[in-house]
Amino acid sequence: MNVNVAMDKDRCSEIFERVRLAASVSDVEVTVQGGRSALTRFANNAITQNVSEEGCEVSVRVQMGGRTARATTNRLDEENLRRVVRHAEELARVQEEDAELLPMLTAAEQGSAPTIDRYCEATAEMGAGERAEQVAAMVGIARREGLNSAGTYSCGESFEALFNSHGVARWHRQTLAEASITMLAADSSGWQKQNYTKAKRLDARALAEIASEKALRSAAPVEMPPGKYTVILEPSAVVDLMGFLAADFSGLALLEQRSCLNGRLGSKLFGENISITDDVSHAEQTGPGFDGEGVARQGLTLVENGVVREIAMSRGTAARVGRSELAKTVAARATGHGFSLPNEGGETAANIVFKVAKSTEKTVQEMISSTERGLLVTRLWYIREVDAYEKILTGMTRDGTFVVENGKIGKGIRNFRFNQSVLQMLRQVLDLGTPVRACGEEAFDMVAPAMRVEGFQFTETTRF
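Predicted, not measured: the structure shown is a model, and the values here were computed from it.

Along the protein chain, the regular secondary structure elements total 11 helices and 19 strands. Relative to a compact globule of 464 residues, whose C-alpha radius of gyration would be 23 Å, the protein chain shows 24 Å and is just as compact. Along the longest, intermediate and shortest principal axes, the C-alpha atoms of the protein chain span 70 × 55 × 40 Å. The long-range share in the protein chain, meaning contacts at least 24 apart out of those at least 6 apart in sequence, stands at 73%. Accessible area of the protein chain: about 19,700 Å², with a carbon and sulfur share of 47%. Within the protein chain, the 62 negative side-chain charges are centred at a point lying 2 Å from the centre of the 54 positive side-chain charges.

Below you can see the structure in the form of C-alpha coordinates.
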(Lines give C-alpha, C1' and ligand atoms only; values in the text may rest on other atoms or scores of the structure.)
Protein backbone atom coordinates (compact mmCIF):
# COMPACT_ATOMS: atom_id res chain seq x y z
CA MET A 1 0.00 0.00 0.00
CA ASN A 2 1.32 3.45 -0.90
CA VAL A 3 0.38 5.27 2.30
CA ASN A 4 0.39 8.81 0.93
CA VAL A 5 -2.13 7.82 -1.77
CA ALA A 6 -4.32 5.26 0.01
CA MET A 7 -4.42 7.16 3.31
CA ASP A 8 -4.79 10.82 2.47
CA LYS A 9 -6.89 13.35 4.39
CA ASP A 10 -10.10 12.40 2.55
CA ARG A 11 -9.66 8.71 3.40
CA CYS A 12 -9.08 9.59 7.07
CA SER A 13 -12.16 11.81 7.01
CA GLU A 14 -14.18 8.90 5.68
CA ILE A 15 -13.01 6.72 8.58
CA PHE A 16 -14.04 9.45 11.00
CA GLU A 17 -17.53 9.59 9.49
CA ARG A 18 -17.91 5.83 9.83
CA VAL A 19 -16.88 6.05 13.49
CA ARG A 20 -19.16 9.00 14.18
CA LEU A 21 -22.16 7.20 12.71
CA ALA A 22 -21.40 4.13 14.83
CA ALA A 23 -21.23 6.14 18.05
CA SER A 24 -24.17 6.55 20.42
CA VAL A 25 -22.77 9.80 21.86
CA SER A 26 -22.40 13.16 20.17
CA ASP A 27 -18.86 14.03 21.31
CA VAL A 28 -16.43 11.94 19.27
CA GLU A 29 -12.78 12.49 18.36
CA VAL A 30 -10.82 10.28 15.97
CA THR A 31 -7.08 10.21 15.38
CA VAL A 32 -5.79 8.23 12.40
CA GLN A 33 -2.04 7.80 12.22
CA GLY A 34 0.50 5.50 10.67
CA GLY A 35 2.89 5.18 7.78
CA ARG A 36 5.73 2.98 6.71
CA SER A 37 9.38 2.80 7.66
CA ALA A 38 12.39 0.76 6.63
CA LEU A 39 15.79 0.31 8.23
CA THR A 40 19.09 -1.22 7.16
CA ARG A 41 21.37 -2.23 10.02
CA PHE A 42 25.06 -2.94 9.68
CA ALA A 43 27.84 -4.23 11.96
CA ASN A 44 31.35 -5.57 11.46
CA ASN A 45 31.44 -3.63 8.17
CA ALA A 46 28.56 -5.60 6.65
CA ILE A 47 24.78 -5.33 6.42
CA THR A 48 23.19 -7.59 9.02
CA GLN A 49 19.48 -6.76 8.78
CA ASN A 50 16.84 -5.20 6.58
CA VAL A 51 13.46 -4.56 8.17
CA SER A 52 10.37 -2.65 7.11
CA GLU A 53 6.92 -2.11 8.52
CA GLU A 54 3.71 -0.45 7.47
CA GLY A 55 0.61 0.20 9.47
CA CYS A 56 -2.34 2.38 10.35
CA GLU A 57 -4.01 2.95 13.71
CA VAL A 58 -7.40 4.44 14.50
CA SER A 59 -7.85 5.89 17.99
CA VAL A 60 -11.34 6.87 19.13
CA ARG A 61 -12.10 9.16 22.07
CA VAL A 62 -15.63 9.75 23.29
CA GLN A 63 -16.79 12.25 25.87
CA MET A 64 -19.86 12.11 28.09
CA GLY A 65 -20.02 15.26 30.17
CA GLY A 66 -17.14 15.00 32.62
CA ARG A 67 -16.12 11.53 31.47
CA THR A 68 -13.84 10.60 28.61
CA ALA A 69 -12.04 7.48 27.39
CA ARG A 70 -10.11 6.24 24.39
CA ALA A 71 -9.85 2.93 22.54
CA THR A 72 -7.58 2.00 19.63
CA THR A 73 -7.55 -0.47 16.76
CA ASN A 74 -5.44 -1.24 13.73
CA ARG A 75 -8.28 -2.92 11.87
CA LEU A 76 -10.26 -0.63 9.57
CA ASP A 77 -13.19 -2.87 8.57
CA GLU A 78 -16.70 -1.88 9.58
CA GLU A 79 -17.08 -4.45 12.34
CA ASN A 80 -13.86 -3.49 14.10
CA LEU A 81 -14.57 0.23 13.82
CA ARG A 82 -17.92 -0.35 15.50
CA ARG A 83 -16.21 -2.47 18.14
CA VAL A 84 -13.60 0.17 18.99
CA VAL A 85 -16.34 2.78 19.39
CA ARG A 86 -18.24 0.48 21.77
CA HIS A 87 -15.08 -0.11 23.80
CA ALA A 88 -14.44 3.64 24.11
CA GLU A 89 -18.03 4.24 25.23
CA GLU A 90 -17.95 1.39 27.73
CA LEU A 91 -14.72 2.70 29.22
CA ALA A 92 -16.07 6.24 29.45
CA ARG A 93 -19.19 5.12 31.35
CA VAL A 94 -17.14 3.58 34.16
CA GLN A 95 -14.80 6.55 34.61
CA GLU A 96 -15.10 8.87 37.57
CA GLU A 97 -16.44 12.26 36.55
CA ASP A 98 -13.76 14.92 36.11
CA ALA A 99 -15.08 18.36 36.97
CA GLU A 100 -12.13 19.99 35.19
CA LEU A 101 -12.60 18.19 31.88
CA LEU A 102 -13.33 20.80 29.21
CA PRO A 103 -15.90 20.35 26.44
CA MET A 104 -14.41 18.92 23.25
CA LEU A 105 -12.54 21.44 21.09
CA THR A 106 -14.60 23.28 18.48
CA ALA A 107 -13.58 24.46 15.01
CA ALA A 108 -13.84 28.05 16.20
CA GLU A 109 -11.36 27.37 19.02
CA GLN A 110 -8.77 25.34 17.13
CA GLY A 111 -6.86 28.28 15.66
CA SER A 112 -4.95 28.48 12.41
CA ALA A 113 -2.17 25.90 12.27
CA PRO A 114 1.00 26.89 10.39
CA THR A 115 1.30 25.58 6.85
CA ILE A 116 4.17 23.10 6.89
CA ASP A 117 5.46 20.99 4.00
CA ARG A 118 7.59 18.18 5.40
CA TYR A 119 6.95 15.51 2.80
CA CYS A 120 9.46 14.42 0.15
CA GLU A 121 8.34 11.85 -2.39
CA ALA A 122 11.90 10.76 -3.21
CA THR A 123 12.53 10.02 0.47
CA ALA A 124 9.26 8.13 0.79
CA GLU A 125 10.15 5.96 -2.20
CA MET A 126 13.68 5.00 -1.13
CA GLY A 127 14.22 1.27 -1.40
CA ALA A 128 16.59 -1.27 0.15
CA GLY A 129 19.05 -0.85 -2.71
CA GLU A 130 19.40 2.88 -2.14
CA ARG A 131 19.84 2.36 1.60
CA ALA A 132 22.49 -0.27 0.87
CA GLU A 133 24.38 2.24 -1.28
CA GLN A 134 24.47 4.69 1.64
CA VAL A 135 25.66 1.96 4.00
CA ALA A 136 28.32 0.89 1.48
CA ALA A 137 29.68 4.44 1.43
CA MET A 138 29.99 4.46 5.23
CA VAL A 139 31.49 0.97 5.41
CA GLY A 140 33.94 1.81 2.63
CA ILE A 141 35.43 4.57 4.78
CA ALA A 142 35.73 2.19 7.74
CA ARG A 143 37.58 -0.37 5.62
CA ARG A 144 39.85 2.29 4.17
CA GLU A 145 40.89 3.36 7.66
CA GLY A 146 41.10 -0.15 9.15
CA LEU A 147 38.12 0.45 11.45
CA ASN A 148 35.07 -1.58 12.37
CA SER A 149 31.77 0.18 11.70
CA ALA A 150 28.23 -0.33 12.98
CA GLY A 151 25.04 1.66 12.63
CA THR A 152 21.79 2.15 10.75
CA TYR A 153 20.31 3.91 7.77
CA SER A 154 16.53 4.35 7.85
CA CYS A 155 13.84 6.16 5.89
CA GLY A 156 10.07 6.40 6.00
CA GLU A 157 6.89 8.42 5.80
CA SER A 158 4.21 9.05 8.39
CA PHE A 159 0.84 10.74 8.61
CA GLU A 160 -1.52 11.95 11.30
CA ALA A 161 -5.11 13.10 10.98
CA LEU A 162 -7.42 14.36 13.72
CA PHE A 163 -11.16 14.97 13.43
CA ASN A 164 -13.91 15.55 15.93
CA SER A 165 -17.67 15.99 15.88
CA HIS A 166 -17.37 19.75 16.49
CA GLY A 167 -15.75 20.44 13.13
CA VAL A 168 -12.07 20.09 13.96
CA ALA A 169 -10.14 18.67 10.99
CA ARG A 170 -6.34 18.38 10.99
CA TRP A 171 -3.89 16.63 8.67
CA HIS A 172 -0.11 16.25 8.62
CA ARG A 173 2.35 14.04 6.79
CA GLN A 174 6.12 13.97 6.66
CA THR A 175 9.13 11.93 5.62
CA LEU A 176 12.40 11.32 7.41
CA ALA A 177 15.75 9.75 6.54
CA GLU A 178 18.33 9.07 9.24
CA ALA A 179 21.88 7.75 9.44
CA SER A 180 23.78 6.74 12.56
CA ILE A 181 27.33 5.39 12.59
CA THR A 182 29.88 4.30 15.17
CA MET A 183 33.48 3.69 14.12
CA LEU A 184 35.44 1.34 16.37
CA ALA A 185 39.20 0.97 16.80
CA ALA A 186 41.10 -1.17 19.30
CA ASP A 187 40.72 1.30 22.19
CA SER A 188 38.76 4.21 20.77
CA SER A 189 35.59 5.10 18.88
CA GLY A 190 33.85 7.87 16.97
CA TRP A 191 30.16 8.56 16.36
CA GLN A 192 27.82 10.70 14.27
CA LYS A 193 24.07 10.81 13.71
CA GLN A 194 21.76 13.00 11.62
CA ASN A 195 18.32 13.05 10.05
CA TYR A 196 16.36 15.25 7.67
CA THR A 197 12.95 15.22 6.03
CA LYS A 198 14.75 15.03 2.66
CA ALA A 199 17.17 12.15 2.17
CA LYS A 200 19.24 14.10 -0.35
CA ARG A 201 20.35 16.41 2.46
CA LEU A 202 21.69 13.48 4.47
CA ASP A 203 25.39 13.03 3.68
CA ALA A 204 26.14 9.58 5.13
CA ARG A 205 29.68 9.63 3.72
CA ALA A 206 30.48 12.89 5.52
CA LEU A 207 29.14 11.50 8.80
CA ALA A 208 31.35 8.44 8.40
CA GLU A 209 34.41 10.59 7.67
CA ILE A 210 33.89 12.58 10.87
CA ALA A 211 33.25 9.45 12.95
CA SER A 212 36.38 7.76 11.57
CA GLU A 213 38.51 10.82 12.24
CA LYS A 214 37.31 10.88 15.87
CA ALA A 215 38.04 7.17 16.30
CA LEU A 216 41.55 7.49 14.88
CA ARG A 217 42.36 10.68 16.70
CA SER A 218 41.28 9.34 20.09
CA ALA A 219 43.39 6.14 19.90
CA ALA A 220 45.52 5.25 22.95
CA PRO A 221 43.47 7.57 25.24
CA VAL A 222 45.19 9.13 28.23
CA GLU A 223 43.68 9.52 31.68
CA MET A 224 42.99 12.95 33.13
CA PRO A 225 41.99 13.83 36.69
CA PRO A 226 38.34 14.60 37.51
CA GLY A 227 37.46 18.23 38.18
CA LYS A 228 35.97 21.31 36.58
CA TYR A 229 36.95 21.97 32.99
CA THR A 230 36.17 24.42 30.23
CA VAL A 231 34.21 22.17 27.86
CA ILE A 232 33.26 22.47 24.21
CA LEU A 233 30.03 20.52 23.74
CA GLU A 234 29.12 19.57 20.19
CA PRO A 235 25.41 20.03 19.31
CA SER A 236 24.54 16.36 19.97
CA ALA A 237 25.83 16.66 23.54
CA VAL A 238 23.83 19.87 24.03
CA VAL A 239 20.64 18.18 22.78
CA ASP A 240 20.86 15.29 25.24
CA LEU A 241 21.33 17.65 28.18
CA MET A 242 18.57 20.04 27.09
CA GLY A 243 16.11 17.17 26.70
CA PHE A 244 15.91 16.93 30.48
CA LEU A 245 14.99 20.63 30.74
CA ALA A 246 12.37 20.90 27.99
CA ALA A 247 9.59 19.13 29.93
CA ASP A 248 9.87 21.70 32.74
CA PHE A 249 8.42 24.39 30.43
CA SER A 250 4.97 22.95 31.18
CA GLY A 251 2.04 24.63 32.90
CA LEU A 252 0.94 21.36 34.49
CA ALA A 253 4.44 20.68 35.83
CA LEU A 254 4.35 24.14 37.42
CA LEU A 255 0.90 23.57 38.92
CA GLU A 256 2.03 20.27 40.38
CA GLN A 257 5.24 21.82 41.77
CA ARG A 258 7.51 19.45 39.84
CA SER A 259 9.16 21.93 37.49
CA CYS A 260 12.60 23.45 38.03
CA LEU A 261 10.94 26.72 36.95
CA ASN A 262 8.65 26.94 40.00
CA GLY A 263 9.34 30.30 41.64
CA ARG A 264 11.62 31.28 38.76
CA LEU A 265 9.25 32.54 36.06
CA GLY A 266 10.25 36.00 34.88
CA SER A 267 13.64 35.72 36.55
CA LYS A 268 17.04 35.73 34.91
CA LEU A 269 17.84 32.05 35.35
CA PHE A 270 20.44 31.71 32.59
CA GLY A 271 23.16 33.78 31.00
CA GLU A 272 22.42 36.85 28.87
CA ASN A 273 23.44 34.90 25.75
CA ILE A 274 20.78 32.18 26.18
CA SER A 275 17.56 32.58 24.17
CA ILE A 276 15.36 29.58 23.40
CA THR A 277 12.10 29.31 21.48
CA ASP A 278 9.60 26.60 20.67
CA ASP A 279 8.98 26.99 16.94
CA VAL A 280 7.24 24.26 14.97
CA SER A 281 7.47 26.39 11.81
CA HIS A 282 11.28 26.45 11.81
CA ALA A 283 12.68 24.98 8.60
CA GLU A 284 14.84 22.48 10.53
CA GLN A 285 12.02 21.21 12.73
CA THR A 286 9.60 18.29 12.26
CA GLY A 287 6.13 17.37 13.43
CA PRO A 288 2.58 18.64 12.96
CA GLY A 289 1.39 22.19 13.49
CA PHE A 290 -1.29 21.07 15.97
CA ASP A 291 -1.43 19.20 19.27
CA GLY A 292 -3.20 16.10 20.54
CA GLU A 293 -6.59 17.85 20.66
CA GLY A 294 -6.15 19.74 17.39
CA VAL A 295 -5.16 23.11 18.86
CA ALA A 296 -2.80 25.05 16.57
CA ARG A 297 0.78 25.14 17.85
CA GLN A 298 1.94 28.64 18.72
CA GLY A 299 5.50 29.86 18.75
CA LEU A 300 6.82 30.40 22.27
CA THR A 301 9.68 32.48 23.61
CA LEU A 302 10.74 30.14 26.38
CA VAL A 303 13.88 32.06 27.35
CA GLU A 304 14.86 35.56 26.27
CA ASN A 305 18.38 36.73 27.11
CA GLY A 306 18.44 34.40 30.09
CA VAL A 307 14.96 35.29 31.41
CA VAL A 308 12.25 32.60 31.53
CA ARG A 309 9.27 34.03 29.62
CA GLU A 310 6.61 31.66 28.26
CA ILE A 311 5.32 28.19 29.10
CA ALA A 312 3.61 25.47 27.04
CA MET A 313 -0.01 24.77 28.01
CA SER A 314 -2.75 22.44 26.89
CA ARG A 315 -6.36 23.64 26.97
CA GLY A 316 -7.03 21.94 30.29
CA THR A 317 -3.86 23.26 31.87
CA ALA A 318 -4.57 26.81 30.67
CA ALA A 319 -8.00 26.69 32.34
CA ARG A 320 -6.46 25.49 35.60
CA VAL A 321 -3.67 28.06 35.47
CA GLY A 322 -6.28 30.78 34.96
CA ARG A 323 -7.85 29.86 38.30
CA SER A 324 -4.53 29.68 40.16
CA GLU A 325 -1.95 32.04 41.64
CA LEU A 326 0.26 31.13 38.70
CA ALA A 327 -1.87 33.39 36.48
CA LYS A 328 -0.16 36.37 38.14
CA THR A 329 3.18 35.43 36.59
CA VAL A 330 2.35 33.70 33.30
CA ALA A 331 -0.40 34.08 30.69
CA ALA A 332 -3.03 31.35 30.95
CA ARG A 333 -3.54 30.34 27.31
CA ALA A 334 -3.64 27.15 25.30
CA THR A 335 -0.47 27.11 23.21
CA GLY A 336 -1.05 23.95 21.16
CA HIS A 337 1.43 21.72 23.00
CA GLY A 338 -0.98 19.31 24.68
CA PHE A 339 -0.99 15.53 24.43
CA SER A 340 -3.94 13.41 23.31
CA LEU A 341 -6.59 13.01 26.01
CA PRO A 342 -6.88 11.38 28.45
CA ASN A 343 -3.37 11.84 29.80
CA GLU A 344 -1.56 12.82 32.97
CA GLY A 345 1.37 14.57 31.31
CA GLY A 346 -0.37 17.74 30.20
CA GLU A 347 2.00 19.23 27.62
CA THR A 348 5.62 19.80 26.70
CA ALA A 349 7.79 22.08 24.62
CA ALA A 350 8.62 19.86 21.64
CA ASN A 351 10.21 22.05 18.95
CA ILE A 352 13.21 23.57 20.70
CA VAL A 353 15.18 26.17 18.73
CA PHE A 354 18.10 28.16 20.14
CA LYS A 355 18.46 31.75 18.99
CA VAL A 356 22.00 33.06 18.61
CA ALA A 357 22.94 36.49 17.28
CA LYS A 358 24.86 36.07 14.02
CA SER A 359 27.49 38.54 15.19
CA THR A 360 28.34 36.35 18.19
CA GLU A 361 28.33 32.89 16.57
CA LYS A 362 31.58 30.95 16.85
CA THR A 363 32.65 27.82 15.00
CA VAL A 364 33.86 24.83 17.02
CA GLN A 365 37.36 25.54 15.70
CA GLU A 366 37.15 29.13 16.98
CA MET A 367 36.02 27.82 20.38
CA ILE A 368 38.98 25.44 20.43
CA SER A 369 41.36 28.25 19.49
CA SER A 370 40.04 30.32 22.42
CA THR A 371 40.60 27.56 24.97
CA GLU A 372 43.91 27.35 26.83
CA ARG A 373 43.00 24.08 28.54
CA GLY A 374 39.76 22.14 28.34
CA LEU A 375 37.89 19.28 26.73
CA LEU A 376 36.03 18.65 23.47
CA VAL A 377 33.00 16.37 23.92
CA THR A 378 31.31 14.64 20.97
CA ARG A 379 28.33 13.22 22.81
CA LEU A 380 26.98 12.05 26.16
CA TRP A 381 25.11 8.90 27.16
CA TYR A 382 23.43 7.03 30.01
CA ILE A 383 22.18 10.33 31.45
CA ARG A 384 20.07 10.29 34.61
CA GLU A 385 18.55 13.06 36.73
CA VAL A 386 20.01 13.51 40.21
CA ASP A 387 18.21 16.66 41.41
CA ALA A 388 14.99 17.70 39.67
CA TYR A 389 14.83 21.31 40.91
CA GLU A 390 18.44 22.23 40.25
CA LYS A 391 18.36 19.94 37.18
CA ILE A 392 21.56 18.16 38.17
CA LEU A 393 22.31 15.36 35.72
CA THR A 394 24.86 12.57 35.73
CA GLY A 395 26.12 10.60 32.76
CA MET A 396 29.22 9.85 30.73
CA THR A 397 31.11 11.11 27.73
CA ARG A 398 31.42 8.76 24.76
CA ASP A 399 32.77 8.20 21.23
CA GLY A 400 35.27 11.02 21.00
CA THR A 401 36.45 12.99 24.04
CA PHE A 402 39.61 15.05 23.60
CA VAL A 403 41.86 17.32 25.59
CA VAL A 404 42.23 20.86 24.26
CA GLU A 405 45.52 22.60 25.04
CA ASN A 406 46.80 25.98 23.90
CA GLY A 407 44.03 26.36 21.36
CA LYS A 408 44.50 22.95 19.70
CA ILE A 409 42.92 19.51 19.92
CA GLY A 410 45.25 17.10 21.67
CA LYS A 411 45.05 13.44 22.61
CA GLY A 412 41.90 11.46 23.12
CA ILE A 413 41.18 10.90 26.81
CA ARG A 414 39.47 8.20 28.81
CA ASN A 415 35.82 9.00 29.23
CA PHE A 416 34.51 10.92 32.22
CA ARG A 417 31.41 10.69 34.37
CA PHE A 418 29.88 14.14 34.87
CA ASN A 419 27.67 15.56 37.61
CA GLN A 420 26.39 18.89 36.37
CA SER A 421 23.41 21.23 36.83
CA VAL A 422 22.00 22.21 33.43
CA LEU A 423 20.75 25.47 34.98
CA GLN A 424 24.25 26.33 36.15
CA MET A 425 25.72 25.24 32.82
CA LEU A 426 23.49 27.70 30.95
CA ARG A 427 24.75 30.48 33.22
CA GLN A 428 28.35 29.69 32.32
CA VAL A 429 28.22 29.56 28.50
CA LEU A 430 31.18 31.45 27.06
CA ASP A 431 30.47 30.93 23.34
CA LEU A 432 27.68 29.61 21.12
CA GLY A 433 27.84 28.19 17.62
CA THR A 434 25.36 28.35 14.77
CA PRO A 435 22.17 26.48 15.73
CA VAL A 436 21.75 23.37 13.54
CA ARG A 437 19.39 20.43 13.44
CA ALA A 438 21.03 18.03 15.87
CA CYS A 439 20.34 14.47 17.06
CA GLY A 440 21.35 12.76 20.25
CA GLU A 441 20.50 9.37 21.69
CA GLU A 442 18.63 10.34 24.88
CA ALA A 443 16.43 13.27 23.80
CA PHE A 444 14.35 14.44 20.87
CA ASP A 445 15.95 16.35 18.00
CA MET A 446 16.44 20.10 18.37
CA VAL A 447 17.93 23.08 16.58
CA ALA A 448 20.89 23.59 18.88
CA PRO A 449 24.39 25.11 18.78
CA ALA A 450 27.75 23.90 19.96
CA MET A 451 28.64 25.49 23.32
CA ARG A 452 31.81 26.45 25.12
CA VAL A 453 31.04 26.16 28.83
CA GLU A 454 33.15 27.17 31.81
CA GLY A 455 33.44 25.01 34.94
CA PHE A 456 31.73 21.81 33.74
CA GLN A 457 32.00 19.27 36.57
CA PHE A 458 33.50 15.81 35.97
CA THR A 459 33.59 13.48 38.94
CA GLU A 460 35.12 10.19 37.83
CA THR A 461 37.21 8.64 35.08
CA THR A 462 35.93 5.51 33.34
CA ARG A 463 38.01 2.49 32.35
CA PHE A 464 37.56 3.05 28.62
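Glancing now at helix 9 (residues 315-322). Those residues of helix 9 that sit buried are Arg315, Thr317, Ala318 and Val321. Burial along helix 9 is one-sided: seen end-on, the buried residues are contained in an arc of 160°. Turning to helix 9, the residues buried within the fold contact helix 8 (251-255).

Moving on, we come to the environment of Arg320. On the secondary structure map, Arg320 appears in helix 9. On the accessibility criterion, Arg320 (30% relative accessible area) is partly exposed. In this structure, the C-alpha to C-alpha distance between Arg320 and Gly35, residues 285 residues apart in sequence, is 36 Å. Setting aside chain neighbours within four positions, we find Arg320 in contact with Glu100, Leu252 and Leu255.

So, on to the side chain of Arg131. Locating Arg131 in the fold gives a position in helix 5 (residues 128-145). Put simply, Arg131 is tucked away with no salt bridge, and the nearest opposite charge, on Glu130, sits 7.3 Å away. In contact with Arg131, other than residues within four places in its own chain, are Ala38, Leu39, Thr40, Asn50, Met126, Tyr153, Ser154 and Cys155.

What follows concerns the environment of Lys358. Mapped onto the fold, Lys358 is located in the loop between strand 11 (352-354) and helix 10 (364-369). Overall, the relative accessible area of 67% leaves Lys358 in the exposed class. Between the alpha carbons of Lys358 and Gly433 there is a distance of 9.2 Å; along the sequence they are 75 residues apart.

Let us look at the sheet that holds strand 4 (residues 148-164). Taking strand neighbours across the sheet as the criterion, the six strands line up as 3-2-1-4-5-6 in an open arrangement whose pairing is antiparallel. What marks the edges here is a single partner per strand, and that holds for strand 3 (67-73) and strand 6 (189-196). The mean inter-strand angle of the sheet, taken between neighbouring strand axes irrespective of direction, is 15°. Sheet topology places strand 4 next to strand 5 (residues 169-184); 16 bridges connect them, and they run antiparallel. Directly across from Thr152, in strand 5, lies its bridge partner Ser180. On top of the sheet, helix 2 (residues 9-22) reaches strand 1 (27-43), strand 2 (46-64), strand 4 and strand 5; it is set at about 55° to strand 4, its chief contact. Sheet strands touched by helix 3 (residues 78-93): strand 2 and strand 3. Its angle to strand 3, the strand with the most contacts, is close to 150°.

Further remarks concern unusual backbone geometry. Peptide bonds are, in most cases, trans, and in most cases residues other than glycine have a negative phi. Following Leu341, the chain continues into Pro342 via a peptide bond in cis, with omega recorded as -10°. Counting through the fold element by element, Pro342 comes out in the loop between helix 9 and strand 11. Phi is positive for Gln257, which is not a glycine, with a value near 60°. For Gln257, the location among the structural elements is in the loop between helix 8 and strand 8 (276-278). The class of Gln257 is exposed, set by a relative accessible area of 62%.

Attention now goes to helix 5. Here helix 5 spans 26 Å end to end across 18 residues, near enough to the 26 Å set by a 1.5 Å rise per residue. Of all the positions in helix 5, only Arg131, Val135, Ala137, Met138, Val139, Ile141 and Ala142 are classed as buried. Of the residues trailing helix 5, Gly146 is marked for its positive phi of about 70°.

Their axes nearest at 9 Å, the elements helix 5 and helix 6 (residues 204-217) cross at an angle of 25°. Classified by the interaxial angle, the pair formed by helix 5 and helix 6 is roughly parallel. Two packed elements cross with a definite hand, and for helix 5 against helix 6 that hand is right-handed. Counting all contacts with helix 5, which are made through Gln134, Ala137, Met138, Ile141, Arg144 and Glu145, the residues of helix 6 involved are Ala204, Arg205, Ala208, Glu209, Ser212 and Leu216. Among the residues making up the contact of helix 5 with helix 6, the classes are represented as six nonpolar, two polar and four charged.

With that settled, the discussion passes to the pairing of strand 4. For strand 4, the tally of buried residues reaches 14 of 17 residues, placing the bulk of the element in the interior. Where strand 1 lies against strand 4, 14 bridges are found, and the strand directions are antiparallel. Across the sheet, residue Glu29 finds its bridge partner in strand 4, namely Asn164. Between strand 4 and strand 5, which pair antiparallel and follow one another directly, the connecting turn spans four residues, one of which, Gly167, has a positive phi of 95°.

The biggest cluster of nonpolar side chains holds 57 residues, and the ones touching the most others in it are Leu233 and Leu426. In this structure, Leu233 is in contact with Val238, Leu241, Val377, Met425, Ala450, Met451, Val453 and Phe456, ignoring residues within four places of it in sequence. In this structure, Val19, Val28, Val30 and Val60 belong to the second largest nonpolar core, which totals 26 residues.

Here we come to the side chain of Thr152. The topology assignment puts Thr152 in strand 4. Residue class for Thr152 comes out buried when judged on its relative accessible area of 13%. Those residues in contact with Thr152, other than ones at most four positions away along the chain, are Leu39, Thr40, Arg41, Phe42, Met138, Glu178, Ala179 and Ser180.

Calculation notes
- Residues numbered from 1 in each chain as written.
- Predicted model: local features only at pLDDT ≥ 70, side-chain atom pairs only at ≥ 80, totals over all residues.
- Heavy atoms only, no water.
- Helix = DSSP H or I, 4+ residues; strand = E, 2+ residues; numbered from the N terminus.
- Rg over C-alpha atoms; globule rule 2.2 N^0.38 Å.
- Contact = heavy atoms within 4.5 Å.
- Areas by Shrake-Rupley, 256 points an atom, 1.4 Å probe, with all protein chains shown as cover.
- Lys, Arg positive; Asp, Glu negative; His and termini not counted.
- Charge placed at Lys NZ, Arg CZ, Asp CG, Glu CD.
- Buried < 20%, exposed > 50% of the residue type's maximum accessible area, 1.4 Å probe, protein only.
- Arc of directions from axis to C-beta.
- Salt bridge = Lys/Arg side-chain N within 4 Å of Asp/Glu carboxyl O.
- Pairing = 2+ DSSP bridges.
- Axes fitted to C-alpha atoms, helices over the stretch in contact; angles between N-to-C directions.
- Expected span 1.5 Å × (residues − 1).
- Parallel < 35°, antiparallel > 145°, perpendicular 65-115°, else oblique.
- Left-handed = near helix turned anticlockwise from the far one by under 90°.
- Nonpolar A, V, L, I, M, F, W, Y, C, P; charged D, E, K, R; others polar.
- Core = buried A, V, L, I, M, F, W, Y, C linked by side-chain atoms within 4.5 Å.

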